[in-house]
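In case you want the letters, here they are:
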Amino acid sequence: QVQLVESGGGLVQAGGSLRLSCAASGRTFSTYAMAWFRQAPGKEREFVAAISRSGFTTAYADSVKGRFTISRDNNKNTVYLQMNSLKPEDTAVYYCAAETTTWGGRLGKEYRYWGQGTQVTVSS
């Protein structure tokens, strides 16, 4: 089992940047596919980005494509989400998720392990 801890959230003005980190416990991080999801107040959780356990394959929601980049460092047991050109509609709690598979995909139900979330607020 893996434990996930997100960090890096905060308040930023529209057009600014943030980098989220998700640190995983354990020595088998490289066996997990990882993803980021987000949930805004009153809305359902939605997919943001995913990365394969090797890091070679990534996928993004259309709403963030070209602005966000997911990456991972298997030596540091960490996955990142670089967020640029932030918009007020990016405001949400961001969660990282993990599953012991090569590729987890875009559906939250495919991931068993979740962090506690980190708040991102983008002011206009």
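Provided above is the structure to which this section pertains.
Our subject in this report is the structure included herewith. (Residues numbered from 1 in each chain as written. Predicted model: local features only at pLDDT ≥ 70, side-chain atom pairs only at ≥ 80, totals over all residues. Heavy atoms only, no water.)

### Considering the environment of Met 83
- Considering the arrangement of structural elements, one finds Met 83 in strand β8 (residues 78–83).
- The spatial distance from the C-alpha of Met 83 to the C-alpha of Val 64 is 8.5 Å, given a sequence separation of 19 residues.
- Sequence-distant contacts of Met 83, defined by excluding residues within four places in its chain, comprise Gly 16, Ser 17, Leu 18, Leu 20, Arg 67, Phe 68, Tyr 94 and Val 120. (Helix = DSSP H or I, 4+ residues; strand = E, 2+ residues; numbered from the N terminus. Contact = heavy atoms within 4.5 Å.)

### So, the sheet that holds β8
- Spatial ordering of the open sheet is given by β1-β3-β8-β7, a layout of four strands whose pairing is antiparallel. Both edges of this open sheet fall to β1 (4–7) and β7 (68–73), since each of them pairs with a single strand only. Averaged over all adjacent pairs, the angle separating strand axes in this sheet is 15°, with direction ignored.
- Bridge count between β1 and strand β3 (residues 18–24): four bridges; the pairing is antiparallel. Bridged to Glu 6 within β3 is Cys 22. (Pairing = 2+ DSSP bridges. Axes fitted to C-alpha atoms, helices over the stretch in contact; angles between N-to-C directions.)

### Some points on the nonpolar core
- Ranked by internal contacts, the top residues of the largest apolar core, which has 38 residues, are Leu 4, Met 34, Trp 36, Leu 81, Met 83 and Tyr 94.
- Counting residues per element, the ones that place at least two in this core are β3, β4 (33–39), β5 (46–51), β6 (58–60), β7, β8, β9 (92–99) and β11 (118–123). (Core = buried A, V, L, I, M, F, W, Y, C linked by side-chain atoms within 4.5 Å. Buried < 20%, exposed > 50% of the residue type's maximum accessible area, 1.4 Å probe, protein only.)

### Quick look at the state of the cysteines
- For the structure shown, the criterion picks out one disulfide.
- With a sulfur-sulfur separation of 1.9 Å, Cys 22 is cross-linked through a disulfide to Cys 96. Between Cys 22 and Cys 96, the S-S torsion sits near 40°, and that sign places the bridge as right-handed. Linking Cys 22 in strand β3 with Cys 96 in strand β9, this pair joins segments that are 74 residues apart in sequence. (Disulfide = S-S within 2.5 Å.)

### Points about the pattern of salt bridges
- Taken as a whole and judged by the stated rule, the model has five salt bridges.
- The shortest N-O distance in the salt bridge between Asp 62 and Lys 65 comes to 3.3 Å.
- Judged by its relative accessible area of 68%, Asp 62 is exposed.
- A salt bridge links Asp 90 to Arg 67; the shortest N-O distance between them is 2.7 Å. Highlighted residues: Asp 90 in the loop between β8 and β9 and Arg 67 in the loop between β6 and β7, separated in sequence by 23 residues. Neither Asp 90 nor Arg 67 differs from the other in exposure class; each is buried.
- One connected set of salt bridges, linked through shared partners, spans Arg 38, Glu 46, Arg 67 and Asp 90. (Salt bridge = Lys/Arg side-chain N within 4 Å of Asp/Glu carboxyl O.)

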